Amino acid sequence: MNIPVIFQFLKELSANNNREWFNSHREQYEVARSEFENLLTVIISRISLFDESIRGIEAKDCTYRIYRDTRFSEDKTPYKTHLGGYINAKGKKSDHCGLLAGGSYCPPPPLLRALRQAVHDNIDEFRSIVEDPAFKQYFPVIGENFLKTAPKGFPKDYPYLKYLQCKEYTVACCQPDSFFLAPDFLDRTDDIFKQMKRFSDFVNYTIDDFE
């Protein structure tokens, strides 16, 4: 598990995001991808100690292609400048919450309505998770995009309206490169994922019931 090798490749790719450079450095990419899968394997094994649902998942099943889909993007560079993985018991394309970033992203309208209803009906439980300082130190914001008013069918004067205005129920913990180079980063990662699991369990309960 050589994280500097991953960073070095991504740094060079960012400066040379074209097919000619990539094809001539494919061996370097394969090494970086292998090291990234080694990292995911270690993380999966550690998370599985407190989340049995992901036991048996392999890193290769969690990773995403480095090739960008440029059809609907203004950015026409051919490659992503990051390596991505999504650890999810039901697969990386599932609506279920996963790990490395967590939540239900772009849920279909009926599921989004169900998630909002679950938050509304269990607001004390939801707040006990997302307002806990141990959780908020990593995940200060719930969601990425928000309505400007109350969603249809919910009261405008609801005291915790901000939790219903989410267009998706996601959380993310952004860390600098130095985080992953620290000697204790795996232990710190464990703590982040343990906090994320509290949120994921709440969301997944609703998704399981909806399905």
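Predicted, not measured: the structure shown is a model, and the values here were computed from it.

Caption draft 1: Just the overall build of the protein chain, in detail. For the protein chain, the count of helices and strands is 8 helices and 2 strands. Listing each helix as α and each strand as β along the protein chain from the N terminus yields α-α-α-β-α-α-α-β-α-α. The dimensions of the protein chain, computed from C-alpha atoms along their principal axes, are 60 × 40 × 30 Å. Here the protein chain holds 211 residues, and 41% of them are scored as buried. A sequence separation of at least 24 residues applies to 65% of the contacts in the protein chain between residues at least 6 apart. Total accessible area on the protein chain is roughly 12000 Å²; 50% of this is exposed by carbon and sulfur atoms. Side chains of the protein chain give 28 positive and 31 negative charges; the mean places of these two sets differ by 6 Å.

Caption draft 2: Seen up close, the packing of helix 1 (residues 3–15) against helix 3 (residues 26–47). Where helix 1 contacts helix 3, the two axes come as close as 9 Å, and the packing angle between them is 135°. The pairing of helix 1 with helix 3 is recorded here as oblique in orientation. Handedness of the helix 1/helix 3 crossing: left-handed. Where helix 1 abuts helix 3, its residues Ile-3, Val-5, Ile-6, Phe-9 and Glu-12 lie against Gln-28, Tyr-29, Val-31, Ala-32, Glu-35, Phe-36 and Leu-39. Within the contact of helix 1 with helix 3, the residues separate by chemical class into 9 nonpolar, 1 polar and 2 charged.

Caption draft 3: Structural view of the state of the cysteines. Here the structure, examined in full by the defined rule, presents 0 disulfides. Cys-174 provides the cysteine sulfur closest to Cys-173, a residue in no disulfide bond, and the two sulfurs are 7.1 Å apart.

Caption draft 4: Structural view of the nonpolar core. Core analysis: the largest hydrophobic core is formed by 54 residues, its most contacted members being Phe-9, Phe-126, Ile-142, Tyr-169 and Phe-199. Listed by contribution, the elements that provide at least two residues to this core are helix 1, helix 2 (19–24), helix 3, helix 4 (109–121), helix 5 (123–130), strand 2 (169–171) and helix 8 (185–210). If you tally residues by element for this core, the top one is helix 8, at 9 residues. Once residues lying within four places of it in the same chain are set aside, the contact partners of Phe-199 are Gly-102, Gly-103, Phe-126, Ile-129, Val-130, Phe-135, Ile-142, Tyr-169, Thr-170 and Val-171.

Caption draft 5: Molecular detail of the packing of aromatic side chains. All told, the structure shown has 19 aromatic pairs when counted by the stated rule. Where Phe-7 meets Phe-180, the ring centres are 6.5 Å apart and the plane angle is 75°; that geometry is what we call edge-to-face. Here Phe-180 lies in helix 7 (residues 177–181) and Phe-7 lies in helix 1, a separation of 173 residues in the sequence. Judged by centre distance (6.3 Å) and plane angle (55°), the ring pair of Phe-126 and Phe-199 falls under tilted. Within this pair, whereas Phe-126 is found in helix 5, its partner Phe-199 is found in helix 8, the two being separated by 73 residues in sequence. Of the two residues, Phe-126 and Phe-199, neither departs from the other in class, the shared state being buried. Ring-pair connections join several aromatic residues into one group, and the members of that group are Phe-126, Phe-135, Tyr-138, Phe-139, Tyr-163, Tyr-169, Phe-199 and Phe-202.

Caption draft 6: The arrangement of the environment of Glu-168 in detail. Following the sequence through the fold, Glu-168 ends up in the loop between helix 6 (133–136) and strand 2. In sequence terms Glu-168 and Leu-111 are 57 residues apart; their C-alpha atoms lie 10.0 Å from each other. In terms of polar contacts, Glu-168 uses its side chain to reach the backbone amide nitrogen of Glu-144, at 2.6 Å. There is a polar contact of 2.7 Å between the side chain of Glu-168 and the backbone nitrogen of Asn-145.

Scoring rules and cut-offs
- Residues numbered from 1 in each chain as written.
- Predicted model: local features only at pLDDT ≥ 70, side-chain atom pairs only at ≥ 80, totals over all residues.
- Heavy atoms only, no water.
- Helix = DSSP H or I, 4+ residues; strand = E, 2+ residues; numbered from the N terminus.
- Buried < 20%, exposed > 50% of the residue type's maximum accessible area, 1.4 Å probe, protein only.
- Contact = heavy atoms within 4.5 Å.
- Areas by Shrake-Rupley, 256 points an atom, 1.4 Å probe, with all protein chains shown as cover.
- Lys, Arg positive; Asp, Glu negative; His and termini not counted.
- Charge placed at Lys NZ, Arg CZ, Asp CG, Glu CD.
- Axes fitted to C-alpha atoms, helices over the stretch in contact; angles between N-to-C directions.
- Parallel < 35°, antiparallel > 145°, perpendicular 65-115°, else oblique.
- Left-handed = near helix turned anticlockwise from the far one by under 90°.
- Nonpolar A, V, L, I, M, F, W, Y, C, P; charged D, E, K, R; others polar.
- Disulfide = S-S within 2.5 Å.
- Core = buried A, V, L, I, M, F, W, Y, C linked by side-chain atoms within 4.5 Å.
- Phe/Tyr/Trp six-rings, centres within 6.5 Å; stacked < 30°, edge-to-face > 60°.
- Polar contact = N/O pair within 3.5 Å; in protein donor to acceptor, adjacent residues only side chain to side chain.

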